Amino acid sequence: METIKITKAAELKPHPAPETLVFGKTFTDHMFLMDYHTGQGWHDPRIVPYGPLALDPSSMVFHYAQEVFEGMKAYRTPEGKVQLFRPYENARRINASCERLCIPAIPEEDFVAAVKALVQVDESWVPDQLGTSLYIRPFVFAADASLGVHASHSYIFCIICCPVGAYYPEGINPVKIYVENEDVRAVRGGTGYTKCGGNYAASIRAGERAEEQGYSQVLWLDGVERKYIEEVGAMNVLFKVDGAVITPKLTGSVLPGITRKSCLELLKSWGVPVEERLITAQELFDAAQAGKLEEAWGSGTAAVVSPIGELAWGEQKVTINGGQIGPLTQKLYDTLTGIQWGTQPDPFGWIVPVE
Ligand code: PLP
Ligand code: COI
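Residues numbered from 1 in each chain as written. Chains lettered and ligands numbered in written order. Predicted model: local features only at pLDDT ≥ 70, side-chain atom pairs only at ≥ 80, totals over all residues. Heavy atoms only, no water.

A. Structural context of the overall build of the protein. What the protein contains, in helices and strands, is seven helices and 18 strands. Taken against the 2.2 N^0.38 rule, which gives 20 Å for 355 residues, the C-alpha radius of gyration of the protein at 20 Å falls within 12% of a compact globule. Across its three principal axes, the protein shows a C-alpha extent of roughly 60 × 50 × 35 Å. Counting the 355 residues in the protein, one finds 53% classified as buried. Of the contacts formed within the protein by residues at least 6 apart in sequence, a portion of 71% connects residues at least 24 apart. Surface summary for the protein: the accessible area is close to 15300 Å², and the carbon and sulfur share equals 52%. If the 31 positive side-chain charges of the protein are averaged to one point and the 43 negative ones to another, these points end up 2 Å apart. (Helix = DSSP H or I, 4+ residues; strand = E, 2+ residues; numbered from the N terminus. Rg over C-alpha atoms; globule rule 2.2 N^0.38 Å. Buried < 20%, exposed > 50% of the residue type's maximum accessible area, 1.4 Å probe, protein only. Contact = heavy atoms within 4.5 Å. Areas by Shrake-Rupley, 256 points an atom, 1.4 Å probe, with all protein chains shown as cover. Lys, Arg positive; Asp, Glu negative; His and termini not counted. Charge placed at Lys NZ, Arg CZ, Asp CG, Glu CD.)

Here it is as structure tokens:
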């Protein structure tokens, strides 16, 4: 990548008080931009003041949603240093998403260098209160001014950042989730394993209905047989059943979450039996009826490790661990956040400092 050109904002915005942070509402002073044109490749990496983009109304992204994104965080350690969690995993995943959407790959080193450079420029925005972090949203979209349905010849790679607290207003308190029986989010062969905006567009209706009924999000079933559990709106799901942890295997319609992967690696290192396999909703509710569904939680960058206190499926409702966070969920939360915020050792080498 060429040298990143930095243009500082003339006026800096006031930082919100950490206790008032709402997910994804306040953005930092700068953003990263880089352009792509066929024949030229990625060029003109730059950091500029945060602000609106001027785009032709016919830009392909508006019509055919040729777009992918990532979600990652920068954390402030007790010593005041800033660090990233497994950023090369995000780099690899955005390229897997790009490949599916016919978007040119971004070299992994360039992706991480761009994230680091922006976080460095906006370093003062990385909050230091317990449970807060700087959420980083890299995204790439098709910029050709054209209504023909084909791969664009020009793209923009942009990164924006926002200081965040807990994703759910519940914080670490258990959330309520219901199994979605009508809408489906993704099917094998589609884009479910990618982080493309279209997946989220398809999920909004079910999410709105769930919220109206007092649930945080929905638990998606597979789009073909509609019986296998897949994931939640912004999290993968893991269940402790009869002493073992089970989680849906990555069949192509589930996002390969980096937090999921980290949870599985931690669990294995603790000697907890782990199974990645197909799980039907029926099996889960049967386990709950038999008193064997001991814990349930979601995993995601924004949501971290989020206990699920209640699961509903049609008329059936089950409360998990008395609606309280379970001991294994708590241990995962503590260990993962300990590594991320630098209050615990990092035995797996997951942390990348921002110098
Ligand atoms: N599943 C979906 C649909 C998501 O949007 C996310 C969030 O990124 C996840 C799972 C969790 O992925 P990760 O742990 O990489 O953030
Ligand atoms: C994340 O956890 O990073 C996500 O991208 C979830 C988001 C859709 C809010």
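Resuming the write-up.
B. Summary view of the site of ligand 2. Taken together, eleven residues lie around ligand 2, and G71, Y135, K195, T301 and A302 are the ones closest in. A distance of 2.8 Å separates an oxygen atom of ligand 2 from a polar side-chain atom of K195. Contact distances for ligand 2 include 2.8 Å between an oxygen atom and a backbone N or O atom of A302. Protein contacts shield 89% of the accessible area of ligand 2, which totals 280 Å² for the unbound molecule. (Near = heavy atom within 4 Å. Polar contact = N/O pair within 3.5 Å; in protein donor to acceptor, adjacent residues only side chain to side chain.)

C. Spotlight on the side chain of D122. Looking at the element boundaries, D122 is found in the loop between α3 (108–121) and β7 (133–142). Put simply, D122 is tucked away with no salt bridge, and the nearest opposite charge, on K13, sits 7.7 Å away. In this structure, D122 is in contact with T28, D29 and H30, ignoring residues within four places of it in sequence. (Salt bridge = Lys/Arg side-chain N within 4 Å of Asp/Glu carboxyl O.)

D. Spotlight on a nonpolar patch on the surface. A surface patch of nonpolar side chains, amounting to about 320 Å² of accessible area, comprises Y64, L147 and V149. Looking at where V149 falls in the secondary structure, it is placed in the loop between β7 and β8 (154–164). Judged by its relative accessible area of 70%, V149 falls in the exposed class. (Patch = residues over 30% accessible without salt bridge, like charges linked within 9 Å, V, L, I, M, F, W, Y side chains within 5 Å.)

E. Structural context of the environment of M60. Tracing the chain through its elements places M60 in helix α1 (residues 60–64). Here the alpha-carbon distance between M60 and Y155, two residues 95 residues apart in the chain, equals 9.6 Å. Look past the residues within four positions of M60 in its chain and what remains in contact with it is A65, Q66, A142, D144, S146, G148, H150, A151 and S152.

F. The arrangement of the packing of aromatic side chains in detail. The tally for this structure, following the rule as stated, stands at 14 aromatic pairs. On the numbers, 5.6 Å between centres and 80° between planes, the contact of F85 with W350 is edge-to-face. Linking F85 in strand β6 (residues 82–85) with W350 in the loop between α7 (327–340) and β18 (351–353), this pair joins segments that are 265 residues apart in sequence. Relative to F141, the ring of F139 has its centre 6.0 Å away and its plane inclined at 20°; by these criteria the two rings are stacked. On the accessibility criterion, F141 (3% relative accessible area) is buried. Site record: aromatic cluster; members linked through ring pairs are F32, Y36, W42, F111, Y155 and F157. The ring centre of Y215 lies 5.0 Å from the NZ or CZ of K176, which sits over that ring. Between the NZ or CZ atom of K331 and the centre of the ring of W270, over which it lies, the distance is 4.2 Å. (Phe/Tyr/Trp six-rings, centres within 6.5 Å; stacked < 30°, edge-to-face > 60°. Lys NZ or Arg CZ within 6 Å of the ring centre and 35° of its normal.)

G. Examining unusual backbone geometry more closely. Positive phi, normally seen in glycine, also occurs at A65, with a value near 55°. Positive phi outside glycine occurs at N321, with the angle close to 50°. Of note, N321 is situated in the loop between β17 (316–319) and α7.

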